[in-house]
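Residues per chain are reported as follows:
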Amino acid sequence: LLRDQATRNFANGILWQADPDCILLRERFHDLTETELRSLAIYFGMTAGLVMTSDALDELSAKRLRLWKLVLQPRRATCHFPLLGQPGASGPDGDPVRVQVRRSVEDQAAPAAIFVFNTGDAPAERTYSLARLGLPGAWHIVEWISGHTWPEPTEQISVTLAPHDGTLLFASRQPLTTPPESLP
């Protein structure tokens with residue numbers, strides 16, 4: 001599923017509506033860690049395709065409901081895998097770190113979402129210029145999980161990720177004091 005989402009996403013909204021399978025939110029009856037569950041939910045939510053879960057929403061914790069609200073979007077958006085197919089970059093046979101960039105179709109001034117996901121079994125450190133990710137110039141950054149706001153606009157991001165961990169960043173031309181509660 002991780003490979004297919006990246007390599008087939010170009011046709012999402014053109015030939016079909018991407019179906020990543022159900023997003024898992026439940027607290028039990030699975031072998032995923034909290035980090036793996038969160039990272040997979042955001043990865044699939046970022047694709048801007050079909051979003052569904054089979055979990056009983058009234059049984060979810062506040063933390064899992066926040067994650068569900070993040071990925072459940074009625075607005076049209078596009079998701080790009082800007083490094084896919086580049087030598088030495090993320091891809092099915094290359095670097096296990098995947099990068100997704102999601103933008104609103106209707107509102108280009110809205111913050112962009114950047115998800116960097118380490119699908120590998122070893123820790124990973126990466127630095128990317130925002131221009132390489134399709135976001136030229138300096139951007140204000142806020143981290144979704146921690147709510148940490150970067151002090152100055154930046155033209156690059158650097159992340160350190162544990163195995164199977166991801167970080168969701170929101171990039172905006174205007175300063176952000178808190179992270180948006182939903183994807184663009």
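Residues numbered from 1 in each chain as written. Predicted model: local features only at pLDDT ≥ 70, side-chain atom pairs only at ≥ 80, totals over all residues. Heavy atoms only, no water.

### Thoughts on the environment of Asp55
Condition: For the purposes of this entry, the term helix denotes a DSSP run of H or I that reaches at least four residues, the term strand denotes a run of E that reaches at least two, and both are numbered from the N terminus. The classification of residues rests on relative accessible area computed with a 1.4 Å probe and restricted to protein chains. Under 20% of the type maximum is buried, over 50% is exposed, and intermediate values are partly exposed.
With respect to the helices and strands, the residue Asp55 is situated in the loop between α2 (34–46) and α3 (62–71). Looking at Asp55, the relative accessible area reads 10%, which means it is buried. As for Asp55 and Glu27, which are separated by 28 residues in sequence, their C-alpha atoms are 9.6 Å apart.

### So, the pattern of salt bridges
Condition: In what follows, salt bridge is the name for a side-chain nitrogen of Lys or Arg lying within 4 Å of a carboxyl oxygen of Asp or Glu.
Using the criterion set out here, one finds 5 salt bridges in the structure. Across the salt bridge formed by Lys63 and Glu34, the nearest N and O atoms sit 3.9 Å from each other. One end of the pair, Lys63, is in helix α3; the other, Glu34, is in helix α2, and 29 residues separate them in sequence. Judged by relative accessible area, which is 32%, Glu34 ranks as partly exposed. In this structure, Glu34 and Arg64 form a salt bridge, with 2.5 Å as the shortest nitrogen-oxygen distance. Pair noted here: Glu34 is in helix α2 and Arg64 is in helix α3, with a separation of 30 residues, a long-range link. By relative accessible area, Arg64 is classed as buried at 3%. Each of the salt bridges in this network shares a partner with another, and the network as a whole consists of Glu34, Lys63 and Arg64.

### Comments concerning unusual backbone geometry
Of note in this structure, His164 is not a glycine but carries a positive phi near 65 degrees. Locating His164 in the fold gives a position in the loop between β6 (156–161) and β7 (166–172).

Without other data, these values stay purely geometric and don't point to any function.
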